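Observations on the model geometry
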Amino acid sequence: MPDLPDRVTVPAHATETPDSAERGALLAAAFPALLAFYDRERRHLPWREEPTPYRVWVSEIMLQQTRVEAVKPYFERFMRALPDVYALAACPPDTLHKLWEGLGYYSRVRNLQRAAELVVRDYGGELPRDPKTLLTLPGIGSYTAGAIAAFAYGVPAPAVDGNVLRVLARFFADGRNILDPRVKTDFETTVADALSRGTPRPGDVGQALIELGATVCTPANPACEKCPWHDACRARQDGRTATLPCREKKTTRREETRTVLLLSFGGRYLIRRRPDRGLLASLYEFPSLDGFRTEEEIRAYLTARGLTPLSVALFARLYPPRLASARRLCRRRRSLRPARRDAARPQGKRAADARPGRRLPAPHPGAHPGRLPAPLGVRTADRRDPHP
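Conventions adopted
Residues numbered from 1 in each chain as written. Predicted model: local features only at pLDDT ≥ 70, side-chain atom pairs only at ≥ 80, totals over all residues. Heavy atoms only, no water. Phe/Tyr/Trp six-rings, centres within 6.5 Å; stacked < 30°, edge-to-face > 60°. Helix = DSSP H or I, 4+ residues; strand = E, 2+ residues; numbered from the N terminus. Buried < 20%, exposed > 50% of the residue type's maximum accessible area, 1.4 Å probe, protein only. Core = buried A, V, L, I, M, F, W, Y, C linked by side-chain atoms within 4.5 Å. Pairing = 2+ DSSP bridges. Axes fitted to C-alpha atoms, helices over the stretch in contact; angles between N-to-C directions. Parallel < 35°, antiparallel > 145°, perpendicular 65-115°, else oblique. Contact = heavy atoms within 4.5 Å. Nonpolar A, V, L, I, M, F, W, Y, C, P; charged D, E, K, R; others polar. Polar contact = N/O pair within 3.5 Å; in protein donor to acceptor, adjacent residues only side chain to side chain. Expected span 1.5 Å × (residues − 1). pLDDT = per-residue confidence, 0-100.

So, about the packing of aromatic side chains. Under the criterion given, the structure shown has 5 aromatic pairs. Where Y54 meets W57, the ring centres are 6.3 Å apart and the plane angle is 70°; that geometry is what we call edge-to-face. Here W57 and Y54 lie together in helix α3 (residues 53–63), a separation of 3 residues that amounts to about one turn. This pair shows no difference in class: Y54 is buried, exactly as W57 is. Both rings, one in F78 and one in W100, keep their centres 6.2 Å apart while their planes meet at 80°; by these two values the pair is edge-to-face. Taken as a pair, F78 in helix α4 (residues 68–81) and W100 in helix α6 (residues 93–100) lie far apart in primary sequence, 22 residues in all. On the basis of relative accessibility, which here comes to 0%, the residue F78 falls in the buried class. Given the relative accessible area of 0%, W100 is considered buried.

Take the nonpolar core next. Of all hydrophobic cores here, the largest spans 77 residues; its most connected members are W57, F78 and W229. The element that contributes the greatest number of residues to this core is helix α1 (residues 20–41), accounting for 9 residues. With 8 residues, the next largest nonpolar core counts L261, L270, I298 and L307 among its residues.

Pairing between strand β1 (residues 254–265) and strand β5 (residues 288–290): 3 bridges, direction antiparallel. For T259, the partnering residue across the bridge sits in β5 and is L289. In this structure, β1 lies alongside strand β2 (residues 268–269), joined through 2 bridges in antiparallel fashion. When the sheet's bridge partners are listed, S264 is paired in β2 with Y269.

We now examine the packing of helix α10 (residues 162–171) against helix α11 (residues 181–195). The packing of two helices is summarised by the inter-axis angle and the distance between the axes. Two elements in contact, α10 and α11, have axes separated by 11 Å at closest approach and are oriented at 80°. One finds that α10 runs roughly perpendicular with respect to α11. The segment α10 lies against α11, with L165, L168 and A169 engaging K184, F187 and V191. A class-by-class count of the residues in the contact of α10 with α11 yields 5 nonpolar, no polar and 1 charged.

As a further point, take the side chain of Q207. Relative to the elements of secondary structure, Q207 occurs in helix α12 (residues 202–215). At 3.2 Å, the side chain of Q207 and the side chain of R48 are in polar contact. Residue contacts for Q207: discarding those within four places in its chain leaves Y38, R48 and F151.

We now examine helix α9 (residues 142–153). Between its terminal C-alpha atoms α9 stretches 16 Å, which fits the 16 Å expected from 12 residues at 1.5 Å a residue. In terms of burial, α9 is a largely internal element, 9 of the 12 residues being buried. Among the residues of α9, those classed as buried are Y143, T144, A145, G146, A147, I148, A149, A150 and F151. Buried residues along α9 sit against α3, α8 (131–134), α11 and α12.

Okay, the environment of G24 next. For G24, the position within the fold is in helix α1. Considered as a pair, G24 and D193 are 169 residues apart in the sequence and their alpha carbons are 5.2 Å apart.

With that settled, consider the confidence of the model for the chain. Of all residues in the chain, 76% attain a pLDDT of 70 or more, and the chain-wide mean is 81. Taken as a whole, residues 9–16 scores under 50 in pLDDT and shows 12 contacts with residues more than four places along the chain or in a different chain. Confidence over residues 319–375 falls short of pLDDT 50; this stretch has 116 contacts with residues more than four positions distant or in other chains.

Right, dumping it as structure tokens:
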């Protein structure tokens, strides 16, 4: 294998922003130094050491919104339990959710299994190598399709994730909003053009771009002195690495107020499964109602469903610090807090103290109790309806 340069030797970019074809040529010229960096500095990750299509696919789904170090043990456990696409397709949903437990974003694993069923049914258990065909499978977007095709099959397909967007935005000093799908598509076109110019090892090029973004060209305090593109990076030349890439979020958060019911009977608590689609789909939860409900409304609701409440007690009102996990999960802010975090086995002092008729410690002085609901603990005499 020929020696690869440690630094990019292409000339610095022109003053004017290059067009797509010029960008492709500049990027292709920078790939040899990038591959040298990757061969020297790459992390040894379990899905890289044995990059079969199945392992690459599962790892990429796990890595969505999740750190590499957090994924490693889950990936190893998942591979031991479900070593191939046939095992994944046949796995009982509850077992599958248990294997995924802790990774969050459970729609990912549901789509993973639906896609596995289609791969077994329509493709003989072999993931397609064509990115366009991969895009037809549930849960696979443009990045994941490109990653499977490039990393597992060596297809010269672009795999552009957030790391790659950041690297390219700085390399070209591109001030456009990388959260705009049109900008991402444009960068994918640039990478595809560069790969089409006879670039060797297209899969490693894709991995190297991600590695560069994850370890050197980081969001804050990039280590420019270690970058193989140090001399050709337009953002470094212009002193703009701290301000690029541009990320402008346009989504608004919807606020909800709900009343959560902890229905106890004989020391056990009723939970229900959420609908198969929408927020936190198919996960279990305590029953809840829209808005702030009074004790009279709660009693009427339960009575209409064949339940006879023996007592109703206010547990607690949620105050702002408790919203952090909900904010991370979705774009909705829910003003609620179940008195017990674990439906099957309450843990912690707050859970132990949250008995009917006993009030939890008051919120801190900065709370806004007037805006927040009161989850209610209800002891019932009958549990005929399992889905109140």
